[in-house]
Amino acid sequence: MNQTDYTTSNTQLSKNTIFYLNSNLTKKGKSLLIALYKYQSLKHKDLAEILDTRANALTNLITRINKMQKDFILSDSVGRCKFYSLSQIAEAYTEIVLLPKETARNSARTSCLQYDFFTCDVLNFLGKFQEYEGDDWYIVLDDLLFTETQNRLTASNDSKGTFIHSYMDFKEETYQNYTNLKDAFITLIVQHGKQSAEKIYRILDEKILSKRLDFLLSLILNDYYKIEPLFYLEKKDSLVAYSIIDRIFSEYFPEVFGKTSFSYSDLSPAEYYRIYSVIIQMINEFKENGYDKSISIKQWEKNFHTTDHSNCLSYIAEKCSTIHIRHIQ
């Protein structure tokens, strides 16, 4: 599509124009627009210094931009000095499209002073991701979130766990930055609860990205959310947590552990049966792991994304081991 297809008046900014500029403006070109928006008018020499580029390279850059969109960057000569400023449409594009993304990046870099270590970790990895990907960071992040979400949904519906979406199209550093960011999000939620991610979503100020992130993290942490009330009880009173585990094993294997009248009043019925379903799954995994306690505990710590509850997991592993011993006698 050529430039004439995108002709607009100085007071109009069409969707086609935005798409065309987003697709064709370089990172340096977008930085130029932001600089002129901030300073309103700049001499050729000063603008080149801000952009860390040579004077002739700046001339070529402005020429390319104005070929892309006629009279996008305005120039005015005063004596021997040339001053640059934004046209109305360039100012509108910068304000509507570029500045919100710039603000999000700056927020991620500067907000750590207000927050705890785990939140700062997420913000730092977010900043690294944004810095590496540049102006299109949010598009790349959206693609990665969509790819992993589809892979997980496919695996959950396929007994073979076949992944149909590949990460081959992404650079290695892009994927590593994404993994670091995702892992930091998971740690934050496990340490401080699901509501802690809301701070980051507000800083992102990208509704679609926030929804994609929230959905993917919910998929990843599904088992953790089910067993979380048990871990919470363990922090308050480990004996109560162990008693709940005893009840579940007694209900499922009464011939091994006998019947119990213990009440789970510390949990709602829904919470209890979610924990019940996870522990039954853990019993099956213990069998698949050849009744090996250390392997199973490591697997569960990975599944639940936490090493803070090894005593609780060890207690469950010991109960699983008792079942195995009784069955082979």
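Here's a quick rundown of the structure. Since this is a predicted model, take the numbers as computed values, not measurements.

What about the sheet that holds strand β2 (residues 73-78)?
Here is step 1 of the chain: The strand order across the open sheet built from three strands is β1-β3-β2, with neighbouring strands paired in antiparallel fashion. Looking along the sheet, the strands with just one partner apiece sit at the ends: β1 (42-43) and β2.
Here is step 2 of the chain: Examined bridge by bridge, β1 and strand β3 (residues 81-86) share two bridges and lie antiparallel to one another. Bridge pairing in β3 places Leu42 opposite Tyr84.
Here is step 3 of the chain: Taken strand by strand, helix α2 (residues 27-39) contacts β1, β2 and β3, and its axis lies near 95 degrees from that of β3.

Examining unusual backbone geometry
Here is step 1 of the chain: Residue Asp71 is not a glycine yet carries a positive backbone phi of 55 degrees.
Here is step 2 of the chain: One non-glycine residue with positive phi stands out, namely Tyr291, at about 60 degrees.
Here is step 3 of the chain: For Tyr291, a relative accessible area of 32% gives the class partly exposed.

Considering the side chain of Thr94
Here is step 1 of the chain: If you trace the backbone, Thr94 turns up in helix α5 (residues 88-110).
Here is step 2 of the chain: Every residue in contact with Thr94, bar those within four places of it in the chain, is listed here: Leu33, Ile34, Tyr37, Leu86 and Leu99.

Regarding the pairing of β3
Here is step 1 of the chain: Summarising the sheet, β2 and β3 pair through six bridges and their orientation is antiparallel. When the bridges of β3 are listed, Ser77 appears paired with Lys82.
Here is step 2 of the chain: Following β2, the chain reverses through two residues before pairing antiparallel with β3; Gly79 in that reversal takes a positive phi of roughly 65 degrees.

Points about the packing of aromatic side chains
Here a ring pair, both rings aromatic, is described through the centre-centre distance and the interplanar angle of the planes.
Here is step 1 of the chain: According to the stated counting rule, one finds 17 aromatic pairs in the structure shown.
Here is step 2 of the chain: Between Tyr224 and Phe231 the ring centres are 6.3 Å apart and the planes differ by 40 degrees, which places this aromatic pair in the tilted class.
Here is step 3 of the chain: Judged by its relative accessible area of 2%, Phe231 falls in the buried class.
Here is step 4 of the chain: Ring geometry for Phe249 and Phe257: centres 5.7 Å apart, planes at 70 degrees, overall edge-to-face.
Here is step 5 of the chain: For Phe257, a relative accessible area of 22% corresponds to the partly exposed category.
Here is step 6 of the chain: Cluster of aromatic residues (ring-pair linked, three or more members): Tyr252, Phe253, Tyr272, Tyr273 and Tyr276.

As for the nonpolar core
Here is step 1 of the chain: Counting residues in each nonpolar core, the largest one holds 63 residues, and the members touching the most others are Phe185, Phe249, Ile279, Met282, Trp300 and Phe304.
Here is step 2 of the chain: By residue number, the principal contributor to this core is helix α14 (residues 269-288), which donates nine residues.
Here is step 3 of the chain: Each residue touching Ile279, except ones within four places of it in the same chain, is listed here: Ile245, Ile248, Phe249 and Ile316.
Here is step 4 of the chain: Core analysis: the next-biggest nonpolar cluster, separate from the first, contains 27 residues, Tyr20, Leu21, Ile34 and Leu99 among them.

Each value, and the rule that gives it
- Each chain carries its own residue numbering, running from 1 in the written order of its sequence.
- Residue-level local features of this predicted model are given only where pLDDT is at least 70; pairs of side-chain atoms are given and counted only at 80 or more, and the full residue set underlies all totals for whole chains, interfaces and linings.
- Only hydrogens and water are set aside; all other atoms, that is, all heavy atoms of the structure, feed into the side-chain values.
- Think of it this way: DSSP has to see at least two bridges between two strands before they count as a pair.
- A run of H or I in DSSP counts as a helix once it spans at least four residues, and a run of E counts as a strand once it spans at least two, with each numbered from the N terminus.
- The contact criterion used throughout is that any non-hydrogen atoms of two residues lie within 4.5 Å.
- All axes here are fitted lines through C-alpha atoms, helices being fitted over the stretch that makes contact, and every angle between N-to-C directions spans 0 to 180 degrees.
- Only protein chains enter the calculation, and the probe is 1.4 Å; a residue is then buried if its accessible area is under 20% of its type maximum, exposed if over 50%, and partly exposed in between.
- Aromatic rings from Phe, Tyr and Trp, with only the six-membered ring used for Trp, were paired whenever their centres fell within 6.5 Å, and each pair was classed as stacked if the ring planes differed by under 30 degrees, edge-to-face if by over 60, and tilted otherwise.
- As used here, the term nonpolar core means buried Ala, Val, Leu, Ile, Met, Phe, Trp, Tyr and Cys residues forming a set that is joined through side-chain atoms within 4.5 Å.

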